[in-house]
Amino acid sequence: MDLNRLNARLAPRSSWQAVDLGTRFYRRWWRQASLVWLVFTAVPFALLAGYAAATRSVWPLLLFWWLKPLWERPLLAFYSRALFDDYPGPLALLRAFPQYGLNGLAAQLTWRRFSPSRGFLTGIWQLEGTRGARVSGRIAVMLRPPGQRAGTLTFTVLGLEHAMTVALVVLAMTLVPWQFNLEWSVWFQEQSHLQWGFVNLAWYLVLMVTEPLYVATSFALYLNQRTWLEGWDLQLGLTRIGERRRRAGGAALLVLLALCGAAPHPVEAQAPPPGQAESRLKSLLHQPCRSDFSRDNGTAHQADPKQQAIDLLASDTFMPFEERQDRRLRESLRDDDGDSWWQDLLRRLLDQEPDGGGRDPLHVPDGLITGLGYLLLALLLVVILMMVRRYLPGMGGRGPDGKPVMPVRVAGLDTRAESLPADLEQALDQELARGDVRAALALLLRDGLVTLFHYRPLPLTAGATEQDCLRAYQRELDGAPVIAWLSALINAWTRTAWAHRPSDEQAVRELMARWRALRPPLAGGPR
């Protein structure tokens, strides 16, 4: 990615300034973005909207709404290339869709569909090409401070979409000539299919504005967050400074020599004539002086007494003002005399009771409800099993092959084998020479836990403490000499790290000497 070709100035902005930059993207390329939206969504929307109008069902439109992450991929591809002076056409984006539009799409259409930061995080899959287990880590990095208000942007655009749809429908009905308003209204209310088609068309026209705007602003937030985290503005600035210096070269030295050789001629200030100075001084001395206090008093005396009396009577002393706010449920939402509106909605949705005759738009087939219920139950069971496997002792910490995996951190210590020093005894002597007994014990405990796990892998959880590790190996290696050493080491570590009663240097060296004798058989591998 060549940052020198950017059409925008990179700088660490606030989230609202980044959103404003996104609106500038949309205002500059709204014609091309709207064309991309039409090419990718016009035919699918026409088919789904036609079926929805024919059957008077909301589910086809709900499917189109659910596929929004799919429709947003080509828009992001266009904006990301237009930022570098490359303007791909809709057909080119359609042909290249398998290369940029499939990575991470399944996740965004399933468990990540309701993420408020959906548009902001799409660049992780589409622009960076991140896959697999690295996605979660990359998402955590992108959500670090400073936050980019991606959720606020999502809900703002969603509210704007609904408000514009209603406003467009009301505007179209208002523009009907008043002479035909009554007859047209009666006729329009009788045409149910026309009503569905009209509302769907209004929604699609609004989407043609809000979706390119949402993708552009989310892309600007993505660029701003990467600028904050990776210093793109500094990188670009330093690169330009270096290029400018290389281009200047010897010309800068010549200009400097020319500036140093050109000596300016001294200029003497000319004093004004004596007669003119004296006349100016006399005019200032004879000028009448009027203070601000006198001007304020003059203004006060000129005020209207009647207005003063009105102001006095309207003050808080004579007419105290109190403001209260009470919230009450509307009469149409109260359920004092019968079923509430949400009970009626659930009855229509689940019991298939039509409202006023005819086919209910919320009609759902019984098979679909049963299938969704079983699917939700299965997902809930899978989530519960994963939580049990991860957090309960003895149930988590296993890899794809079923073997236990050493947690990355145990008791707050880094237990990765590659993080340990090559020469443990030398590193321990260095820590003791600096007087850091805690760091020396931490090195010894980390090496002991890693060696024991390599010798006898146990399913330790990510939140395991020192005592959890000791109890687990006591059950597994009861009576072994290494258990007594581990118990003494953990006691010394607990007193030093948590009780702030550090052990002496001699005790640490004795523990190291015992570990030097116990380690070779254990480091040979599992038995």
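This text follows the structure it describes.
Since the structure is predicted, the reported quantities are computational estimates derived from the model, not experimental observations.

## Examining the overall build of the protein
No. 1: What the protein contains, in helices and strands, is 23 helices and two strands.
No. 2: In the protein, which comprises 527 residues, the proportion classed as buried is 34%.
No. 3: Put simply, 72% of the contacts in the protein that link residues at least 6 apart link residues at least 24 apart.

## Considerations on the packing of helix α20 (residues 437-455) against helix α22 (residues 481-497)
To characterise two packed helices, one gives the angle between the axes of the helices and the distance between these axes.
No. 1: Relative to each other, α20 and α22 sit at 145 degrees, their axes nearing to 10 Å. As α20 packs across α22, the resulting crossing turns out to be left-handed. Across from Arg438, Leu441, Ala442, Leu444, Leu445, Gly448 and Leu452 in α20, the residues of α22 making contact are Val482, Trp485, Leu486, Leu489, Ile490, Ala492, Trp493, Thr496 and Ala497.

## Some words on the packing of helix α3 (residues 68-82) against helix α7 (residues 118-126)
No. 1: Interhelical geometry of α3 versus α7 gives an angle of 65 degrees and a closest axis separation of 11 Å. By the angle between their axes, α3 is roughly perpendicular relative to α7. By crossing handedness, the relation of α3 to α7 is classed as right-handed. Where α3 abuts α7, its residues Lys68, Pro69, Glu72, Arg73, Leu76 and Ala77 lie against Arg118, Thr122, Gly123, Trp125 and Gln126.
No. 2: Split by residue class, the contact of α3 with α7 holds four nonpolar, three polar and four charged.

## Points about the packing of aromatic side chains
No. 1: The tally for this structure, following the rule as stated, stands at 18 aromatic pairs.
No. 2: For the pair Phe45 and Phe64, a centre-to-centre distance of 5.1 Å together with 70 degrees between the ring planes defines the contact as edge-to-face. Taken as a pair, Phe45 in helix α1 (residues 15-55) and Phe64 in helix α2 (residues 59-66) lie far apart in primary sequence, 19 residues in all.
No. 3: For Phe45, a relative accessible area of 6% corresponds to the buried category.
No. 4: On the accessibility criterion, Phe64 (1% relative accessible area) is buried.
No. 5: Clustering of aromatic rings is evident, with ring pairs tying together Phe25, Trp29, Phe78, Tyr79, Tyr87 and Phe219.
No. 6: Here the basic side chain of Arg113 rests over the ring of Trp65, its NZ or CZ set 4.4 Å away from the ring centre.
No. 7: Just above the ring of Trp66 sits the side chain of Arg113; from NZ or CZ to the centre is 5.5 Å.

## Overview of helix α19 (residues 424-433)
No. 1: What α19 keeps buried is the set Leu424, Ala427, Leu428, Glu431 and Leu432. Along α19, the residues classed as buried sweep out an arc of 135 degrees about the axis, all on the same side.
No. 2: Positive backbone phi, at 80 degrees, marks Gly435, one or two positions downstream of α19.

## Observations regarding the pattern of salt bridges
No. 1: A complete count under the given rule lists 15 salt bridges for this structure.
No. 2: Residue Glu425 is joined to Arg516 by a salt bridge in which the shortest nitrogen-to-oxygen separation is 2.7 Å. Remark: Arg516 occurs in helix α23 (residues 505-523) and Glu425 occurs in helix α19; sequence separation between them is 91 residues.
No. 3: Glu431 is paired through a salt bridge with Arg434; the nearest N and O atoms lie 2.6 Å apart.
No. 4: On the basis of relative accessibility, which here comes to 15%, the residue Glu431 falls in the buried class.
No. 5: In this structure, a network of salt bridges that share partners links the residues Glu128, Arg138, Arg226 and Glu230.

## Observations concerning the environment of His454
No. 1: Structurally, His454 is set in helix α20.
No. 2: Take His454: its relative accessible area is 46%, and that puts it in the partly exposed class.
No. 3: Separated by 68 residues in the primary sequence, His454 and Leu522 place their C-alpha atoms 8.1 Å from one another.

The rules we used
Residues numbered from 1 in each chain as written. Predicted model: local features only at pLDDT ≥ 70, side-chain atom pairs only at ≥ 80, totals over all residues. Heavy atoms only, no water. Helix = DSSP H or I, 4+ residues; strand = E, 2+ residues; numbered from the N terminus. Buried < 20%, exposed > 50% of the residue type's maximum accessible area, 1.4 Å probe, protein only. Contact = heavy atoms within 4.5 Å. Axes fitted to C-alpha atoms, helices over the stretch in contact; angles between N-to-C directions. Left-handed = near helix turned anticlockwise from the far one by under 90°. Parallel < 35°, antiparallel > 145°, perpendicular 65-115°, else oblique. Nonpolar A, V, L, I, M, F, W, Y, C, P; charged D, E, K, R; others polar. Phe/Tyr/Trp six-rings, centres within 6.5 Å; stacked < 30°, edge-to-face > 60°. Lys NZ or Arg CZ within 6 Å of the ring centre and 35° of its normal. Arc of directions from axis to C-beta. Salt bridge = Lys/Arg side-chain N within 4 Å of Asp/Glu carboxyl O.

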